[in-house]
Amino acid sequence: SAGSTRSLSSSLIRSSDMEVLRLLVLPALCAAYGTARAPSGRHASRLAVDPAMAATTAFDLKAYMEEKRVYTEEALDASLRSTCSQTDLIVESMRYSLLAGGKRVRPMLCLAATEMLGGDISVATPTAVSLEMIHTMSLIHDDLPAMDNDDFRRGKPTNHVLYGDGVAILAGDAMLSTAFEYVAANTKGVAAERVVQVLRMLGESVGPMGLAGGQVMDLKCEGQPDVGIDTLQWIHTYKTAALLKAAVCCGAALAGASDEDLARCETYANKIGLAFQVADDILDVTASTEELGKTAGKDLDADKTTYPKLLGLDRSREVARELVDEAKAALEPYGERAAPLLGLADYIISRSN
């Protein structure tokens, strides 16, 4: 009868719903909260959960980034003050660029690495501030007429446009030295050997085998027709990835990382550093000046060698994804503790500026 048909249909629907819940929904929920029971039998292969995916299932990256951005902004604001009238101008110039906004990815990476290894972020905060100071120095100098000659950064006039080339150069110099002073003076609750280790890693990241050396090679290769992928990768391993490596490894070191931990963090950071640059190269040709907050198309105008120029846009996007996947694989042993770093890796190649 119609009634028995409806009853049977209802029963089948309920049975089907329960099967979906049992096989798909419940394991996913359990994986997200760390209580999953391993699937077995004929469902084992289709229900097996990628550890990296399980670690990020319940993680809110947007909320995490906003929390750490606000925390970092407060720390940056407190880090730099003029102590006499004679330093008012240079400190004003330094603060203008340091507090001009931005994603604060480098401090986030540092704090996330500390958290992953069970450390206290208050111990890593001076290093997080230092990393942003070093990054800000590089932006001030990068925008100068002798370098990239850009009038806008983060949607605002660049430092030299407001303060002149001389003050901008000196503000960048002072920012770099202050970065090291700040770590040495304010890092508490950790062995002196760890602080020295951090200072060494920060120094390496900005020297000849760091962003300065990478930048020199970048300038040298402008307009050169025979720059290959190996040279391009060398440039960005040091110009871009070196400071990201310092961010992750310094944060890990301050949490007591072992040599094995540091090796995994270094692999992760080098991969996301290259992915970051691939994404930047893509954005330079696909995003507008308004979206970027800086002049779009600068690489093309300067005849720089970029990933899209060598590989094309589609392959460049594939390379960025491959690098991020390799970076995330390096952190698999840390499970859900790595969720912020895994999320930041994805963010690096999905951002719009």
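Remember, predicted model here, so these are calculated numbers, not experimental data.

### Concerning the overall build of the protein chain
1) Next: Scanning the protein chain from terminus to terminus reveals 19 helices and 2 strands.
2) Next: Evaluated residue by residue, the protein chain yields a buried proportion of 46% over its 353 residues.
3) Next: Taking all contacts inside the protein chain whose residues are at least 6 apart in sequence as the whole, residues at least 24 apart take part in 72%.
4) Next: Within the structure as shown, the protein chain displays about 16900 Å² of accessible surface, and the carbon and sulfur contribution to it stands at 56%.

### Points about a nonpolar patch on the surface
1) Next: On the surface, a cluster of nonpolar side chains totalling about 210 Å² of accessible area is made up of Ile229, Leu310 and Leu311.
2) Next: Note that Leu310 resides in helix 17 (residues 307–311).

### Considering the packing of aromatic side chains
1) Next: Within the structure shown, the criterion is met by 3 aromatic pairs.
2) Next: Where Tyr96 meets Tyr163, the ring centres are 6.0 Å apart and the plane angle is 65°; that geometry is what we call edge-to-face. With Tyr96 in helix 5 (residues 88–98) and Tyr163 in helix 8 (residues 159–163), this residue pair connects regions lying 67 residues apart in the sequence.
3) Next: Owing to a relative accessible area of 22%, Tyr96 belongs among the partly exposed residues under this scheme.
4) Next: For Tyr163, a relative accessible area of 18% corresponds to the buried category.

### Brief notes about empty space enclosed by the protein
Rolling a probe over the atoms, with the probe sized like a water molecule, indicates the empty space that remains.
1) Next: What the rule picks out here adds up to 1 cavity of 30 Å³ or more.
2) Next: It is helix 7 (residues 121–142) that contributes the most residues to the lining of the largest cavity, 3 residues altogether.
3) Next: Across the lining of the largest cavity, the residue classes tally to 5 nonpolar, 4 polar and 4 charged.

### Some remarks on unusual backbone geometry
When glycine is set aside, most residues are seen to have a negative phi, and most peptide bonds are trans.
1) Next: Not every positive phi belongs to a glycine, and Arg104 is a case in point at roughly 60°.
2) Next: Relative to the helices and strands, Arg104 resides in the loop between helix 5 and helix 6 (105–116).
3) Next: Residue classification places Arg104 among the buried residues on the basis of a relative accessible area of 1%.
4) Next: Phi angles above zero are rare outside glycine, and Arg154 is one such case at about 55°.
5) Next: Mapped onto the elements, Arg154 comes out in the loop between strand 1 (152–153) and strand 2 (156–157).

### Some remarks on the pattern of salt bridges
1) Next: Counting across every chain of the model gives 24 salt bridges.
2) Next: In this structure, the salt-bridge partner of Arg95 is Asp77, at a minimum N-O distance of 2.7 Å. On the criterion of sequence distance, the pair formed by Arg95 in helix 5 and Asp77 in helix 4 (residues 61–79) is long-range, its members being 18 residues apart.
3) Next: When its relative accessible area of 29% is taken as the criterion, Asp77 is described as partly exposed.
4) Next: Where Asp218 meets Lys239, a salt bridge forms, and the shortest distance between an N and an O atom there is 2.7 Å. Taken together, the positions of Asp218 in helix 11 (residues 211–220) and Lys239 in helix 12 (residues 229–239) put the pair 21 residues apart, joining distant regions of the chain.

### Some thoughts on the confidence of the model for the protein chain
1) Next: Across the protein chain, the average pLDDT comes to 86, with 80% of residues at or above 70.
2) Next: Every residue in residues 1–56 is under pLDDT 50, and counting partners more than four places away or in other chains gives 30 contacts.

### Brief notes about the environment of Tyr334
1) Next: As for its placement among the helices and strands, Tyr334 is situated in the loop between helix 18 (313–330) and helix 19 (339–350).
2) Next: Among the residues examined, Tyr334 registers a relative accessible area of 7% and is labelled buried.
3) Next: Counting along the chain gives 217 residues from Tyr334 to Leu117, while the straight-line C-alpha distance between them is 8.4 Å.
4) Next: Contacts of Tyr334, omitting those with residues within four sequence positions, involve Met116, Leu117, Asp261 and Arg264.

### Considerations on helix 19
1) Next: With 12 residues, helix 19 extends 17 Å between its outermost C-alpha atoms, agreeing within 8% with the 16 Å of an ideal straight helix rising 1.5 Å per residue.
2) Next: Most of helix 19 sits out of view: 9 of its 12 residues are buried.

### Thoughts on the nonpolar core
1) Next: Membership of the largest hydrophobic core comes to 81 residues, with the highest contact counts inside it found for Leu109 and Tyr268.
2) Next: Ignoring sequence-local partners within four residues, the contact set of Tyr268 consists of Leu109, Val248, Ala327, Ala330, Leu331, Leu341, Leu342, Leu344 and Ala345.

### A short note on the side chain of Thr306
1) Next: The residue Thr306 is located in the loop between helix 16 (298–301) and helix 17 in this model.
2) Next: Here Lys309 takes part through its backbone nitrogen, which lies 3.2 Å from a polar atom of the side chain of Thr306.

### With respect to the environment of Thr87
1) Next: With respect to the helices, strands and loops of the structure, Thr87 is situated in the loop between helix 4 and helix 5.
2) Next: Thr87 sits in the partly exposed class, given a relative accessible area of 25%.
3) Next: At a separation of 3.0 Å, a polar atom in the side chain of Thr87 contacts the main-chain carbonyl oxygen of Cys84.

### Regarding the packing of helix 4 against helix 19
1) Next: Put simply, helix 4 and helix 19 touch, their axes get as near as 10 Å, and they point 95° apart. Classed by the angle they form, the pair helix 4 and helix 19 counts as roughly perpendicular. Within the contact between the two elements, helix 4 uses Leu61, Tyr64 and Met65 and helix 19 uses Pro340, Gly343, Leu344 and Tyr347.
2) Next: Looking at side-chain class alone, the contact of helix 4 with helix 19 contains 6 nonpolar, 1 polar and no charged residues.

How each quantity is defined
- Residues numbered from 1 in each chain as written.
- Predicted model: local features only at pLDDT ≥ 70, side-chain atom pairs only at ≥ 80, totals over all residues.
- Heavy atoms only, no water.
- Helix = DSSP H or I, 4+ residues; strand = E, 2+ residues; numbered from the N terminus.
- Buried < 20%, exposed > 50% of the residue type's maximum accessible area, 1.4 Å probe, protein only.
- Contact = heavy atoms within 4.5 Å.
- Areas by Shrake-Rupley, 256 points an atom, 1.4 Å probe, with all protein chains shown as cover.
- Patch = residues over 30% accessible without salt bridge, like charges linked within 9 Å, V, L, I, M, F, W, Y side chains within 5 Å.
- Salt bridge = Lys/Arg side-chain N within 4 Å of Asp/Glu carboxyl O.
- Phe/Tyr/Trp six-rings, centres within 6.5 Å; stacked < 30°, edge-to-face > 60°.
- 1 Å grid on protein atoms, 1.4 Å probe; cavity = no way out; pocket = protein on both sides within 12 Å on 5 of 7 lines; lining within 4 Å.
- Points joined across faces, edges and corners; volume = space filled by probe spheres on them.
- Nonpolar A, V, L, I, M, F, W, Y, C, P; charged D, E, K, R; others polar.
- pLDDT = per-residue confidence, 0-100.
- Expected span 1.5 Å × (residues − 1).
- Core = buried A, V, L, I, M, F, W, Y, C linked by side-chain atoms within 4.5 Å.
- Polar contact = N/O pair within 3.5 Å; in protein donor to acceptor, adjacent residues only side chain to side chain.
- Axes fitted to C-alpha atoms, helices over the stretch in contact; angles between N-to-C directions.
- Parallel < 35°, antiparallel > 145°, perpendicular 65-115°, else oblique.

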